[in-house]
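What follows is the residue order along each chain.
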Amino acid sequence: MSDESSTRAGGIREGVRRLFRAPLHTTDRVAADANDELRTFLDERIDHLVARGMSPAEARAEALRRMGAPLGDAREMIRDSAVARERTIRTRQWLEELEQDVRYAVRTLGRDRAFTISALAIIALGIGASATVFSVANALLVRPLPFRDPDALVWVANGTHEGLSDQTAQVNHIQALHEVKTSFADVAGYFAFYGPGDASLVRNGDAIRLTDIPVTQNFFSMLGVQPVLGRSFTPEESSGDVTNVVILSYSLWQREFASDPSIVGTSITLNGSPQTIVGVLPSNFDFGSVFAPGTRVDLFSPFPLTERNDQQGNTLALIGRLRPGATIDGATAELAVLAPRITAAHPDRNAFSPHLSSMRAHVVRQIHSALVMLAFAVGAVMLIVCANLSNLLLVRATARRKEMAIRAALGAGRRRLVRQMLTESVLLSAGGAAVGLVLALVGTRAISRLQSVNLPMLSDVRIDSAALAFIIALATLAGLLFGMAPALQLSELAVHDALKASGRGSTENRGGRRMRTALVVSEIALACALLVGSGLLVRSFLKLLDVALSFRPEMVTALRIDPDNDVLASQARFASYVDEALRLTKAIPGVQAAAITDGLPLGKNRTWGVKADGETRKDMNNPVAYIRLSSDGLVGAMGMQLVAGRDLAATDDSAHERVVMINETMAHTLWPGQDPIGKVAMIDTARRVVGVVRDVHHLSLDQAAGLELYIPYRQIMDYPIVELVVRSTVPSTTLAKSIRAALAPIAPNVALNQVQTLGDVVDRSVSPRRFFTLLLSGFAAFALALALFGIYGVVSYTVAHQQQEIGVRMALGASQRTVQRKILRDTLELAIVGIVVGTAASWIVARLIRSQLFGVSSTDPATFVAMIVIVTAVALVSGYLPARRASRIDPTVAFRSS
Amino acid sequence: MALLKGTLDVLVLKTLSWGPMHGFEITAWLEQRSSGRLDVTDAALIQALHRLEARGLLSAEWGESKNGRRARYYKLTSTGKAHLRIETAALMDYVGALTTVLTTRSAHE
């Protein structure tokens, strides 16, 4: 700048520069300027000295001396300080501008309250949902399991079948693993055939049923779990056939013993025998959430590795801890050699064929794909949120063209205006994220308290620092994403055009309209995909409930009436106990049928190998059947469906032929194409088939039922559990009290804390599926609402912009109906494009979630048709309001407003 | 005479309170007013100018010197003026205190 006066009077212009334009000095430019400054300084001094009478050479030497450093060094120092200066100034300007932008954004957003509130609500719901799903995934997939060095833990399944007898190992197997040095630093196990409520605790004359897990002596030390009170089991306590110590879970200690700090050393009466409490486990150790989702585990007892326990067969679920540096692959290779030797050492016992998987993989194996599905769903929801917000902002940006034009005319560069828009959107998303965080806190808290849901690690779901980081990242990203469209559009804005055009009547540029239409179409398409996804899951869920259940759970109550051990010890005494119990129960008014069984459907996992009589297979390959011991009348009490033969009868006792009732799958497997009635199956002994019932699904509804068989209790002495199943017209809590009163003479300690209905049992079994289905349906509903909102926004905006055109047409004689119909038709066109794209997307989504479906094909026409009908209806509804408004336009007003 | 730490900044600000100047003009003004007694190297002065500008006490514009060279002109900002007022008062106070102490005659003198 050569004009000195303008330079020196540059204060105002400097201010304007600071306000609207960031100086973009490159480092090279700054360095060159610093050099110029230095040279001018030197030359000015030389001139000054020469003017005082020095020779030019002397003056130059003196000027260099006064510089105070060799010229090269001085140049470098000055360049550095100039660069530092620019950096500082730029940072400060940036912060000042940011402050201005934020203040301005807050002011404008505050003025447009309706917009701000709806935008905040949409973002909050989107981010709340995303953060909640993230927290679930984080707890299940990312956060370490609550044990010491959990990555070294390995689940050692003895086979690949889902049946527990095929997952578990025998005592001699774990003993063999202890004796040989392997990749495992230690191997521990727990008794996998515990039954929820197996332990009866009698205190102060009242009985409650508790769940006790027998564990090997090293179980807690192997996991790295340290009792908060007392200690773990000693080797002495874990030997012999009878044990008399227990360790309490933290929750039982709190619940039943009022957190008594001096509880260790006291004695309680469990199943009629005294047990000493030796320890209390820490509150963060939740056996159920890791190993048995949906089960509340109350206490632990020692499982001695004795000869007697070995003879029980496969009973132990094994968990190993790898040595430092060892890998699962290495251990697998090792066991491939070792296992056949272990099997060969005891030819009379079960085979050992270990399959290793990481503990985490074992815990999440069934829900991994469901989680991935949820993550995608929540991603789609977030995209819809962004599209919607983008649209809202676009509409707003068009309405604010004049304001922007004025600011541009005042000297604001395009960059600065774009930044202003992005600041607004990021501010919106930050505000939405704050509300979303509250929603996520509520959501995760609710999920972590879902005790009856059969999903692992749910109690661990919470908002942690990772989730917070996720929310912040998501909010920033979303803010930039949905701010992008209006900002881009803004940068195309022709300033003078906008200034010239009068506010409302101005025609919108075509780019803007196309962008908005594209956004709404993608919203509709994404909503379609979510609707189809959730629709298929809902249909699967309903199918699951009414197809697979082949008993009638309505009005059936179940409760444990296990007699004392001395009754169980004698076949005759047990038989008369059961007869009496059933007689007393049936005498209660309202009771229609009653029976006993050793386990309810959908949970009890006990299997034996079976074969047809005369069949010669290698012992190993015998099919595995789920076994039930039951009294006669179970078919009636449970509402099972007899397809051939008869139910078990009171005469099926030790004096008569050994018989069995089987399910259809077992009949087809052992005697394909033949009548199974009268055939003999080799089970515990040779048993003649007397009846065939429909499959009852003893594991879970969405897995194949497998082979099932029912053995009359009078013909077998293996009855660890006595579950009374009663069909009646009386509500279960009332009924349970009547039963307890009726049975008092023979069973004084019937506990009422674990009374359940078969409906409860079914609910718990389908709870994971219901959980995912509900979540996904919620997302789909939200997406649909957003699509509705989006369509409504675009249509009403278009209507507002076409007021004049509509006014003209009405003045020319168009009726209200023609106007309405045209707008609805436009809306439908929009919806149809969205639906076409959405159907294609849905088809892909449906294929991706195929593994989650049950009894529904991924191209289920009903679901797709329903989706199309729903989306069309939503489009019509959201187009109707603006259409009606348009048809009420008064032509005279429409003209005047231009 | 070497400068006490921090006084160079105040001297520069004081110089510029007479109006915008480029680097050498500032030095020349200071040398003239102090009769050459203040010992500031030129490199240090230019760095001080950059530092003061970064702190927002000075602003700068390119212009042309009286001898026709491209020169960077510095002027006080309003923050700079306020800073000068405060620092001058503090420094005067300090100098006054020093003077009082150092000029007090001891009893046996």
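Residues numbered from 1 in each chain as written. Chains lettered and ligands numbered in written order. Predicted model: local features only at pLDDT ≥ 70, side-chain atom pairs only at ≥ 80, totals over all residues.

J.: What exactly am I supposed to notice about the nonpolar core here?
T.: General note: in soluble globular proteins, nonpolar side chains tend to be found buried as a group. Counting residues in hydrophobic clusters, the biggest one holds 232 residues, and the most contacted among them are A:A527, A:C528, A:L709 and A:A783. Broken down by element, this core gets its largest block of residues, 20 residues, from helix α25 (residues 758–801) of chain A. Once residues lying within four places of it in the same chain are set aside, the contact partners of A:A783 are A:V381, A:I384, A:L526, A:A527 and A:L530. Counting 28 residues, the second-largest nonpolar core is a separate cluster that includes B:L45, B:L58, B:Y74 and B:L76. (Core = buried A, V, L, I, M, F, W, Y, C linked by C-beta atoms within 7 Å. Buried ≥ 20, exposed ≤ 12 C-beta atoms within 10 Å, placed from the backbone. Helix = DSSP H or I, 4+ residues; strand = E, 2+ residues; numbered from the N terminus. Contact = placed C-beta atoms within 7 Å.)

J.: What exactly am I supposed to notice about the sheet that holds strand β1 (residues 21–22) of chain B here?
T.: Note on sheets: strands pair through backbone hydrogen bonds, and any given pair is parallel or antiparallel. Residue and element names in this part refer to chain B. In space, the three strands of this open sheet follow the order β1-β3-β2, with antiparallel pairing throughout. In the strand order of this sheet, the two ends are held by β1 and β2 (58–64), each with one partner. Strand direction decides the pairing type here: β2 and strand β3 (residues 70–76), joined by seven bridges, are antiparallel. Looking across to β3, one finds that E64 is bridged to R70. Here helix α1 (residues 7–16) sits on the sheet and contacts β1, β2 and β3; the angle it forms with β3, its principal contact strand, is near 95°. (Pairing = 2+ DSSP bridges. Axes fitted to C-alpha atoms, helices over the stretch in contact; angles between N-to-C directions.)

J.: For this particular structure, what's the right way to read the pairing of strand β21 (residues 686–693) of chain A?
T.: The side chains of a regular strand alternate between the sheet's two faces. All names here are of chain A. A large share of β21 lies buried, amounting to six of its eight residues. Pairing analysis gives three bridges linking strand β18 (residues 642–645) to β21, with the strands arranged antiparallel. Counted as the bridge partner of A644 is V692 from β21. For strand β19 (residues 659–663) and β21, the ladder comprises five bridges, and the chain directions are parallel. Among the inter-strand pairings, N663 is bridged to a residue of β21, identified as V693. Counted between consecutive antiparallel strands, the loop separating strand β20 (residues 680–682) from β21 contains three residues.

J.: What is the right way to read the pairing of strand β11 (residues 316–322) of chain A from this model?
T.: Residue and element names in this part refer to chain A. Burial analysis of β11 places seven of its seven residues in the buried class, which makes it a mostly covered element. Where burial is concerned, the two faces of β11 agree: the one with L316, L318, G320 and L322 and the one with A317, I319 and R321 are both buried. As paired strands, strand β1 (residues 153–157) and β11 are joined by four bridges and run antiparallel to one another. Within the sheet, the bridge partner assigned to V156 lies in β11 and is L318. Of the strand pairs in this sheet, strand β2 (residues 184–191) and β11 are connected by seven bridges, and their pairing is antiparallel. Following the sheet pairing, F191 is matched in β11 by L316.

J.: Can you walk me through the environment of A:V795 in this structure?
T.: All names here are of chain A. Counting through the fold element by element, V795 comes out in helix α25. The exposure class assigned to V795 is buried, which follows from the 25 C-beta atoms found within 10 Å. Along the backbone, V795 and T517 are 278 residues apart, and their C-alpha atoms lie at a distance of 9.8 Å. Beyond its immediate sequence surroundings of up to four residues, V795 is in contact with I823, T827, S878, G879 and P882.

J.: I tried to follow helix α3 (residues 27–51) of chain A on my own but got confused; where do I start?
T.: Working note: α-helix, 3.6 residues per turn, so residues spaced by three or four point in the same direction. Between its first and last C-alpha, α3(A) extends 36 Å over 25 residues, near the 36 Å set by a 1.5 Å rise per residue. For α3(A), every residue scored as buried is listed here: A:A34, A:E37, A:L38, A:T40, A:F41, A:E44, A:R45 and A:I46. The secondary structure elements touched by the buried residues of α3(A) are α4 (56–67) and α5 (71–111) of chain A together with β1, α2 (23–33), α3 (42–54) and β3 of chain B. Immediately downstream of α3(A), the backbone of A:G53 shows phi near 105°, a positive value. (Expected span 1.5 Å × (residues − 1).)

J.: What's the story with the packing of helix α21 (residues 571–586) of chain A against helix α24 (residues 732–743) of chain A in this structure? I'm lost.
T.: Each pair of packed helices can be summarised by the angle the axes make with each other and by the distance between the axes. Residues and elements named next belong to chain A. Where α21 meets α24, the closest approach of the two axes is 9 Å, and the angle between their N-to-C directions is 130°. Between α21 and α24, the crossing angle belongs to the class labelled oblique. With respect to the hand of their crossing, α21 and α24 are arranged in right-handed fashion. Facing α21, whose interface residues are A581, L584 and T585, α24 presents I739, A742 and L743. Classifying every residue of the contact of α21 with α24 gives five nonpolar, one polar and no charged. (Parallel < 35°, antiparallel > 145°, perpendicular 65-115°, else oblique. Left-handed = near helix turned anticlockwise from the far one by under 90°. Nonpolar A, V, L, I, M, F, W, Y, C, P; charged D, E, K, R; others polar.)

J.: Just checking my understanding: could you explain the interface of chain B and chain A for this structure?
T.: For an interface, size is often stated in terms of accessible area lost upon the parts coming together. The interface of chain B with chain A comprises 27 residues on the first partner and 30 residues on the second. Among the elements of the structure, α2, α3, β2 and β3 of chain B are those that each provide at least two residues to the side of chain B that touches chain A. The element contributing the most residues to the side of chain B that touches chain A is α3(B), with nine residues. Residue composition of the side of chain B that touches chain A, by class: 10 nonpolar, nine polar and eight charged.

J.: For this particular structure, what's the right way to read the confidence of the model for chain B?
T.: As a note on interpretation, predicted positions should not be read in detail where pLDDT is low. When pLDDT is averaged along chain B, the result is 89, and 95% of the positions lie at 70 or above. The complex prediction reports pTM at 0.70, with the ipTM value standing at 0.91. (pLDDT = per-residue confidence, 0-100.)

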